[in-house]
Amino acid sequence: MNEPLFFYGPLCHAPLRAAVLGLGHSVAEARLTGYRMGRLPGTRQPAIVPGSGEVSGLLVTGLDEKARARADFFAGVLGYVSTSVKARTGRLGGVAARAYLPAGDPPELDGSWDLAEWSEALGPVWVAAAREAMAGADHVSPVAMAGRWPTMCMRAATRLRAARDPGTEIRTDLTAARDVEILKERRPYTQYFSLEDPDLRFRRFDGSWSNPVRRAAFIGGDAVTVLPYDPVLDSVLLVEQFRAGPLMRGDPRPWSLEPIAGRIDPGESPEDTVRREALEEAAIDLGALHKVADYYPTPGAVTEFLYSFVAQADLAG
């Protein structure tokens, strides 16, 4: 099957397209009539459905079997299936092509979708997550990878945030790019969390290299904590939750009292996460936020980076 592919949405973003397909293909601007595009409900992911209108995109040619298989795999991860369409270009009309549409019945779309806005907010995140997903294309099914995709995006956003805003505890001019060398990579486990178990060496403070060592790290996304404080009641609010950590430690009471907390979603700021989690976990609207600190709580073995706040709130309700 040598039909070209019609791409719309994120795969019109050249870096993502390269991460999924590789290089060596050609693209031309194209249109798809009889369809309309919008967001899938509750997501920032686009879809096209039959309807009056026209969808702009790219007609992709020059794909070999491997590139087509990679495109099918990535589409499956996102929940799309290949469908026959007729695309129009500046020179040709009614070109037989394949496009990826949501599996099952056409969904109700939730608002418009804009490539420039998506590229700004999520483009680099999806590129990094797609590289991780495509690395497993030869041994993980699209359905299994779909379950990992949200946390791949979360981990990608975390790495990008770390590169942009390093931890405040740095006290030397040593940098990972220059002063840490990964000798062998291992990723024995990837689900909601991921485990990376590399051999590496690092620069000592006297300038020499350490001996090769093996260091495992538990990979999770960045998170926030917030302690709501009511100045009228002079009281704070804590939540009680079951936690796997105390259970695995052998604690007979695996529930803990703690501040409101949650993972930072891709494209979300720590402050936005704080307000969202307060509504989800305690049904309260927060007032002014006061940043306490940002830090690694367990840097010896866990990548998690916390942004901690105190917030004014009305706790009388």
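About the criteria used
Residues numbered from 1 in each chain as written. Predicted model: local features only at pLDDT ≥ 70, side-chain atom pairs only at ≥ 80, totals over all residues. Heavy atoms only, no water. Helix = DSSP H or I, 4+ residues; strand = E, 2+ residues; numbered from the N terminus. Buried < 20%, exposed > 50% of the residue type's maximum accessible area, 1.4 Å probe, protein only. Lys, Arg positive; Asp, Glu negative; His and termini not counted. Salt bridge = Lys/Arg side-chain N within 4 Å of Asp/Glu carboxyl O. Polar contact = N/O pair within 3.5 Å; in protein donor to acceptor, adjacent residues only side chain to side chain. Contact = heavy atoms within 4.5 Å. Pairing = 2+ DSSP bridges. Core = buried A, V, L, I, M, F, W, Y, C linked by side-chain atoms within 4.5 Å.

J.: Can you walk me through the side chain of Arg148 in this structure?
T.: Tracing the sequence through the fold places Arg148 in helix 4 (residues 142-164). The buried charged residue Arg148 lacks any salt bridge partner; its closest oppositely charged side chain belongs to Glu132, at an N-O distance of 7.0 Å. Within the structure, Arg148 has its side chain in polar contact with the backbone oxygen of Thr190 (distance 3.3 Å). Those residues within four positions of Arg148 in sequence are excluded, and the remaining contacts are Val140, Thr190 and Gln191.

J.: What exactly am I supposed to notice about the sheet that holds strand 10 (residues 213-214) here?
T.: What holds strands together in a sheet is hydrogen bonding between their backbones, with the strands either parallel or antiparallel. Within the open sheet, the 3 strands sit side by side as 6-9-10. Their pairing is antiparallel. Of all the strands in the sheet, the pair left with one neighbour each is strand 6 (180-184) and strand 10. With 4 bridges joining them, strand 6 and strand 9 (residues 199-202) adopt antiparallel strand pairing. By the bridge assignment, Ile182 is partnered in strand 9 with Leu200.

J.: Explain the nonpolar core here, please?
T.: Across soluble globular proteins, you tend to see nonpolar side chains buried next to one another. Ranked by size, the top nonpolar core spans 53 residues in total, and within it Phe6, Leu16, Phe74, Trp126 and Trp149 carry the most contacts. Looking at this core element by element, the count peaks at 9 residues for helix 3 (residues 115-135). Once residues lying within four places of it in the same chain are set aside, the contact partners of Leu16 are Pro10, Leu11, Phe74, Trp118, Trp126, Val127 and Ala130. Formed by 15 residues, the second largest nonpolar core is a distinct cluster that contains Val226, Val274, Tyr307 and Ala311.

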